[in-house]
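# Observations on the model geometry
Residues per chain are reported as follows:
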Amino acid sequence: MTTRQILIKGGWVLSMDPAIGEMPAGDVLIQGERIVAVAHNIDAPEAERIDAGSMIVLPGFVDTHRHTWQSCVRHRYADIDPQIYFAEMLGAKGAAYRAEDVYVATLLGAVAALEGGITTMLDWSHIQNSPEHADAAILGLRDAGIRGVFAHGWPLVDGASWMFNSQRGHPQDIRRLRERYFSSDDQLLTLAMAGRGPEMATHDVWMDDLRLARELAIRSTIHMGAYARNASVRGIAQMQSAGVLGDDLTFVHCCFSGADEIAMMADYGVSASLGVHCELNAQGIGDIPFDRLLAVGIRPSLSGDTETKCSGDMFTQMRHAFAYYRSWMGGNHSRIQNAPASISMRDVLEFATVAGARANGLEHKVGSLAPGKQADIVLIRGDDLNLTPVSDAVGAVVLAAHPGNVDTVFVAGKTVKRHGRMQGIDLDALRQRAHASQHHILAL
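Note that the coordinates shown come from a computational prediction; the quantities given were computed from them, not determined experimentally.

The rules we used
- Residues numbered from 1 in each chain as written.
- Predicted model: local features only at pLDDT ≥ 70, side-chain atom pairs only at ≥ 80, totals over all residues.
- Heavy atoms only, no water.
- Helix = DSSP H or I, 4+ residues; strand = E, 2+ residues; numbered from the N terminus.
- Rg over C-alpha atoms; globule rule 2.2 N^0.38 Å.
- Buried < 20%, exposed > 50% of the residue type's maximum accessible area, 1.4 Å probe, protein only.
- Pairing = 2+ DSSP bridges.
- Contact = heavy atoms within 4.5 Å.
- Axes fitted to C-alpha atoms, helices over the stretch in contact; angles between N-to-C directions.
- Phe/Tyr/Trp six-rings, centres within 6.5 Å; stacked < 30°, edge-to-face > 60°.
- Lys NZ or Arg CZ within 6 Å of the ring centre and 35° of its normal.
- Right-handed = clockwise from strand over helix to strand, strands pointing away.
- Core = buried A, V, L, I, M, F, W, Y, C linked by side-chain atoms within 4.5 Å.
- Expected span 1.5 Å × (residues − 1).
- Polar contact = N/O pair within 3.5 Å; in protein donor to acceptor, adjacent residues only side chain to side chain.
- Lys, Arg positive; Asp, Glu negative; His and termini not counted.
- Salt bridge = Lys/Arg side-chain N within 4 Å of Asp/Glu carboxyl O.

## Regarding the overall build of the protein chain
Within the protein chain, the regular secondary structure consists of 15 helices and 17 strands. In terms of overall size, the protein chain behaves like a compact globule, its C-alpha atoms giving a radius of gyration of 21 Å where 444 residues would be expected to give roughly 22 Å. In terms of principal-axis extent, the alpha carbons of the protein chain reach across some 65 × 50 × 40 Å. Split into buried and exposed, the 444 residues of the protein chain put 60% on the buried side.

## What to know about the sheet that holds strand S9 (residues 189-195)
In space, the eight strands of this open sheet follow the order S6-S7-S8-S9-S10-S11-S12-S13, with parallel pairing throughout. At either margin of the open sheet sits one strand with a lone partner, and together these are strand S6 (61-66) and strand S13 (301-302). Where helix H2 (residues 99-115) meets the sheet, its contacts fall on S6 and strand S7 (118-125), and the angle it forms with S7 comes to roughly 150°. Along the sheet face, helix H3 (residues 131-144) touches S7, strand S8 (147-152) and S9 and points at about 165° away from the line of S8.

## Re the packing of aromatic side chains
Under the counting rule described, the total for this entry stands at eleven aromatic pairs. Plain terms: the ring middles of Phe 290 and Phe 351 are 6.2 Å apart, the flat faces sit at 25° to each other, and that makes the pair stacked. Within this pair, whereas Phe 290 is found in helix H10 (residues 290-295), its partner Phe 351 is found in helix H12 (residues 345-352), the two being separated by 61 residues in sequence. Its relative accessible area of 0% is what places Phe 290 among the buried residues. Among the aromatic side chains, those forming a connected cluster through ring pairs are Tyr 77, Tyr 85, Phe 86 and Tyr 227. Sitting over the ring of Phe 86, Arg 229 keeps its end group 5.4 Å from the ring centre.

## Looking at the pairing of strand S11 (residues 249-253)
Counting buried positions along S11 yields five of five residues, so the element is predominantly enclosed. Examined bridge by bridge, strand S10 (residues 219-224) and S11 share five bridges and lie parallel to one another. Its bridge partner being in S11, Ser 220 is matched across the sheet by Leu 249. Regarding topology, helix H7 (residues 235-241) serves as the crossover connection from S10 to the parallel S11, and that connection is right-handed. Bridging between S11 and strand S12 (residues 271-274) involves three bridges; their strand directions are parallel. Bridging from a neighbouring strand, Thr 250 pairs with Ser 271 of S12. Note that the unit made of S11, helix H8 (residues 259-268) and S12 has a crossover that is right-handed.

## Considering the nonpolar core
With 124 residues, the main nonpolar core has Phe 61, Met 239, Phe 251, Met 265, Met 318, Leu 349 and Val 397 as its most contacted residues. Per-element tally for this core: the top contributor is H2, with ten residues. Among the nonpolar cores identified, the runner-up in size contains 17 residues, and Val 28, Met 55, Val 57 and Ile 377 belong to it.

## Things to note about H2
The end-to-end C-alpha distance of H2, which contains 17 residues, comes to 24 Å, matching closely the 24 Å that a straight helix rising 1.5 Å per residue would cover. In terms of residue burial, H2 counts as a mostly covered element, since 13 of its 17 residues are buried. Downstream of H2 by a residue or two, Gly 117 has a phi angle that is positive, lying close to 90°.

## Details of helix H14 (residues 393-400)
Buried residues dominate H14, accounting for six of its eight residues. Of all the residues in H14, the buried ones are Ala 393, Val 394, Gly 395, Ala 396, Val 397 and Val 398. Between a side-chain oxygen at the N-terminus of H14 and the backbone nitrogen of Val 394 the separation is 3.0 Å; the capping residue is Asp 392.

## Some details on the side chain of Asp 123
Among the secondary structure elements, Asp 123 is positioned in strand S7. No salt bridge is formed by the buried Asp 123. Its closest oppositely charged neighbour is Arg 66, at 7.9 Å. Other than its neighbours up to four places away in sequence, Asp 123 contacts Arg 66, Thr 68, Trp 69, Thr 106, Ala 137, Leu 141, Val 149, Phe 150 and Ala 151.

## Quick look at the pattern of salt bridges
Evaluated as defined, the whole model comprises 30 salt bridges. A salt bridge links Arg 346 to Glu 22; the shortest N-O distance between them is 2.3 Å. Of this pair, Arg 346 sits in helix H12 while Glu 22 sits in strand S2 (residues 22-31), and the two are 324 residues apart along the sequence. For Arg 346, a relative accessible area of 37% gives the class partly exposed. We note a salt bridge from Asp 347 to Arg 299, for which the minimum N-O separation is 2.7 Å. Of this pair, Asp 347 sits in helix H12 while Arg 299 sits in the loop between H10 and S13, placing them 48 residues apart in sequence. By relative accessible area, which is 19% here, Asp 347 ends up buried. The class of Arg 299 is partly exposed, set by a relative accessible area of 28%. One salt-bridge network, held together by shared partners, links Asp 63, Arg 66, Arg 74 and Glu 307.

Here is the structure:
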C-alpha cells in the first residue's frame, strides 16, 4: 500500500536547515509522517497538491516550557503582585484542581498552540495531585494531536512541602507513566521530568530526583534563578559542584543566575528556555539573560510559560525577544564580555524552531525542514493584509505575523489546521468545558 504524498508547491520556504537554506519559490514533499524532499520544482504527479504560491512555509514552532494546566484562567495574573499568583495557583486553587480541570486546560492550551503554529510543546505539568491528574494531562495532549513532551512535576496538595527545602522525593508515579504511556521514545508524546532542583529541594532529594530521571532515560527541565530570592542559592553552581550538569538538562528563566553559572551551562551542554513575554510581565523576575547566554554560545529556546500572565503564541515571544535585545544592546551596552551587540530576526526564528527542538531533545526529528525529518510544517498566508506584499519572509514572521495568519499546520504529516480552521476538534464543546472549568476554579 502506497503511503499518501502531499506536495506543498511554490511557497517561500524557510527551511532553517543551513544546507537547504531559503527558497522564495520552493516545494516540500511529504510522504506519510516524513519530509522526503525540499527543493525547487519537485515532480510528484500522484501527490495531493497544496498551492503555496502566496504562503510562507516553515517548520512548526517548538515551545519548551508551558504550564498548560492553567489555560482556563488565562490573563488573570499579569496585573497582580506575582506573590498572589504563587499563593493562588500554586496554593489553594492548584490543590483543588480536579482531573477534569487538568484535562480541559491541557487540551485547550495545546489546541490553541497548534492553531498558532506551535507543533511541539513541552507541557510543564506541576499539578500532579493524583495519578488521575497525570493521566488527564497526557490525554489532553493526545486528544489535541500535538507533538507533546509531558514534563511530570509534583502535587500541589500540601504544596509547601514540595517546593520549600523539600525532603519529599519526586512522585514515583512517573515510573507507571513511563511504562504505560511512554515505553517508546519513537512516538508523538514523550516524557520528561519537571524537576525542582536546589532552589526547592534539599541536596539529597534533588540529586535523587535527577538520578531517577536518568534511570528512566528522560530529560529534566528545571526552573533556575527566577526572582532575587534565588540568586544566593546559586543552583547551577551547586549542580556543577555535584558533578551532575549534562546535556539532558534544560534550565528555565535563569534571570538571577550569574554569568559564571551560565558559562557552566555552556561547558556541559545545558540548554535554556526563556518565556520572554511572561518574564517581561512578571514584576521582579529579573533581567532576561539573553546577553549572558549568547556570550557563551547558548542559543536559547522560547516558551509561552503561563498564559495567566502573557500570550502563549510564539509570534509574541519572537517579537518581544527581538525588540527587548535590540532596544538596549545597541552599541553593546551589556556588561557581559562577548555578548553580541545585536541579534537578527533569523536568530530569533531559530530560537523558536531549531533551538527549541534541541532543548526538547527532538532536534533529530523536528525544528527544520529537511528530508528525513518529521513533517511538522506551518503555512502562513503572505497575502493577508498585515503581511502583504512580503519582501522579507523572516521579517514578516518575526515582526508582524499572528495566529490568525496561520493557514495550515501539519504534525507528523497529519493536517491539524487547514484553510485557517482547526480539524477534528469540536471547538464549541471545548469552549463550553473550558468555561465550566474556569467557573469551578475561580469559585475556589
